[in-house]
Amino acid sequence: MHFNILTIFPEMFPGTLAGGVVGRALERGIWSYDTINIRDFAINSYGSVDDEQFGGGVGMVMRADAVGPAIDSVKNPGKIIYFSPRGSQLNQKMVREFTAAPDAVYTLLCGRYEGIDQRIIDEYDITELSIGDYILSGGEIAAQVFIDSCVRVNDNVLGGGADATANESFEIGGLEWPLYTRPSVWRGRNVPEVLLSGHHGNIERWRKQQSDEITMKRRPDLIQGNKK
Ligand code: SAH
């Protein structure tokens, strides 16, 4: 997968993506990225990419005549995504769809200030994506969330292959069961007996029952919505 990242803060990349399994996948060439500094397309020698809102109101808006040329400079943009609180909220099902083609290319537009001039969204075939119902100061963290979640589902990224990602929250039609590792007793707290029994059928039944219970309690909306 390849990501073209349009931002006024290219130094924020790879950022968190340099660490862990996703960072290793970057080194191994499973994914790659380029940053495009929107400031390079500023409308004047002061580096301006934003301006006051028409209609008044606090906060600046990123100018179409800076962002547009920045998008146009990308030779192979693939699908263009603009991170915005107004977008559809990213979920694991969408991540699977975005990653169905392992050689997919995405151009990720990171907003700053109050956001981007609407005409950019109208001019290009842009998908607006939100990472949740809260306001960030910029799209860069959202872009890193998107990339991390997309890279992680690649079968060669996690040890354990396809099994490792298939058995997680949302993928199993609900939330994950409780996890335990050594020591088997910690501060007087025991690991559930069944997990030490070596009986795979019972372990599977216990996990399913725990997962159903926790999902019903915390996220009943998942029970209808996301079942596989
Ligand atoms: N004025 C906007 C918020 C601007 S926040 C509004 O009221 O909707 C500045 C930038 O941060 C946005 O352009 C967007 O790129 C990014 N951003 C903020 N919150 C986000 C979220 N929940 N998901 C994705 N991107 C977000």
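Since we're looking at a predicted model, the values are computed, not measured.

Rules used throughout
- Residues numbered from 1 in each chain as written.
- Predicted model: local features only at pLDDT ≥ 70, side-chain atom pairs only at ≥ 80, totals over all residues.
- Heavy atoms only, no water.
- Helix = DSSP H or I, 4+ residues; strand = E, 2+ residues; numbered from the N terminus.
- Buried < 20%, exposed > 50% of the residue type's maximum accessible area, 1.4 Å probe, protein only.
- Contact = heavy atoms within 4.5 Å.
- Areas by Shrake-Rupley, 256 points an atom, 1.4 Å probe, with all protein chains shown as cover.
- Lys, Arg positive; Asp, Glu negative; His and termini not counted.
- Charge placed at Lys NZ, Arg CZ, Asp CG, Glu CD.
- Near = heavy atom within 4 Å.
- Polar contact = N/O pair within 3.5 Å; in protein donor to acceptor, adjacent residues only side chain to side chain.
- Nonpolar A, V, L, I, M, F, W, Y, C, P; charged D, E, K, R; others polar.
- Core = buried A, V, L, I, M, F, W, Y, C linked by side-chain atoms within 4.5 Å.
- Expected span 1.5 Å × (residues − 1).
- Domains from an automatic or database assignment.
- Buried area = accessible area lost by both parts, 1.4 Å probe.
- Salt bridge = Lys/Arg side-chain N within 4 Å of Asp/Glu carboxyl O.
- Patch = residues over 30% accessible without salt bridge, like charges linked within 9 Å, V, L, I, M, F, W, Y side chains within 5 Å.

**Student:** Lay out the overall build of the protein chain in plain terms, naming residues and giving numbers.
**Tutor:** Within the protein chain, the regular secondary structure consists of nine helices and nine strands. Dimensions of the protein chain along its principal axes, counting C-alpha atoms only, are 70 × 40 × 35 Å. Among the 228 residues that make up the protein chain, the fraction classed as buried is 42%. Put simply, 74% of the contacts in the protein chain that link residues at least 6 apart link residues at least 24 apart. For the protein chain, the exposed area adds up to about 13,400 Å²; of that, 50% sits on carbon and sulfur atoms. Side-chain charges of the protein chain comprise 23 positive and 30 negative groups, with the mean position of each set lying 10 Å from the other.

**Student:** I'd like a rundown of the site of the ligand, residues and numbers included.
**Tutor:** Around the ligand sit 19 residues, and of these Tyr 82, Phe 83, Glu 114, Gly 132 and Tyr 134 come closest. Take Tyr 134: an N or O atom from its main chain is 2.9 Å from a nitrogen atom of the ligand. One of the backbone N or O atoms of Leu 136 is found 3.0 Å from a nitrogen atom in the ligand. Residue assignment for the shell around the ligand shows that the elements contributing at least two residues are β5 (79–89) and β7 (126–130). In terms of residue count, β5 provides more of the shell around the ligand than any other element does, four residues in total. Counted by class, the shell around the ligand contains ten nonpolar, eight polar and one charged residues.

**Student:** Can you break down the nonpolar core residue by residue, with the values?
**Tutor:** Of all hydrophobic cores here, the largest spans 29 residues; its most connected members are Phe 3, Trp 31, Phe 98, Tyr 106, Leu 108 and Phe 146. For this core, the secondary structure elements donating two or more residues are β1 (2–7), α1 (20–27), β5, α3 (92–98), β6 (105–109) and α5 (140–152). Ile 36, Val 67, Ala 70 and Leu 109 belong to the second-largest nonpolar core, a separate cluster that totals 19 residues.

**Student:** Outline α5, listing residues and values.
**Tutor:** Side chains of residues three or four places apart in an α-helix project in the same direction, reflecting 3.6 residues per turn. Over its 13 residues, α5 runs 18 Å from end to end, which matches the ideal 18 Å to within 8%, given 1.5 Å per residue. Within the sequence span of α5, burial applies to Glu 140, Ala 142, Ala 143, Gln 144, Phe 146, Ile 147, Ser 149, Cys 150 and Val 151. Summarising the contacts, the buried residues of α5 are in contact with β1, α1, β5, α3, β6 and β7.

**Student:** Explain the domain arrangement of the protein chain to me, using residue names and the numbers behind them.
**Tutor:** Examined at the domain level, the protein chain breaks down into domain 1 (2–152) and domain 2 (167–226). Once you take the C-alpha centre of each, domain 1 and domain 2 turn out to be 36 Å apart. Across the contact, four residues belong to domain 1 and four residues belong to domain 2. Together domain 1 and domain 2 conceal approximately 340 Å² of surface at their shared face, both sides included; 34% is due to carbon and sulfur atoms. Across the domain 1-domain 2 interface, the total number found is two salt bridges. The shortest N-O distance in the salt bridge between Glu 168 and Arg 152 comes to 2.7 Å.

**Student:** Report on a nonpolar patch on the surface, specifying residues and quantitative values.
**Tutor:** A cluster of nonpolar residues, Tyr 134, Leu 136, Ile 141 and Val 145, forms a patch on the protein surface that exposes about 340 Å² of accessible area. Along the chain, the position of Ile 141 falls in helix α5. Taking the relative accessible area as the measure of exposure, Ile 141 reaches 53% and is therefore exposed.

**Student:** Give me unusual backbone geometry: which residues, what numbers.
**Tutor:** With an omega dihedral of 0°, the bond running from Phe 13 to Pro 14 counts as a cis peptide bond. Note that Pro 14 resides in the loop between β1 and α1. The amide bond that connects Arg 182 to the next residue, Pro 183, takes the cis arrangement and shows omega of 5°. Position of Pro 183 among the secondary structure elements: in the loop between α6 (161–166) and β8 (185–186). Despite not being glycine, Tyr 113 has its phi angle at roughly 55°, a positive value. Relative to the helices and strands, Tyr 113 resides in the loop between β6 and α4 (118–123).

**Student:** Give me the lowdown on helix α2 (residues 64–72), citing residues and values where you can.
**Tutor:** Along α2, the residues that are buried comprise Ala 66, Val 67, Gly 68, Ala 70 and Ile 71. Those residues of α2 hidden inside the fold are in contact with β1, β2 (32–37), β4 (60–62), β5, β6 and α4.

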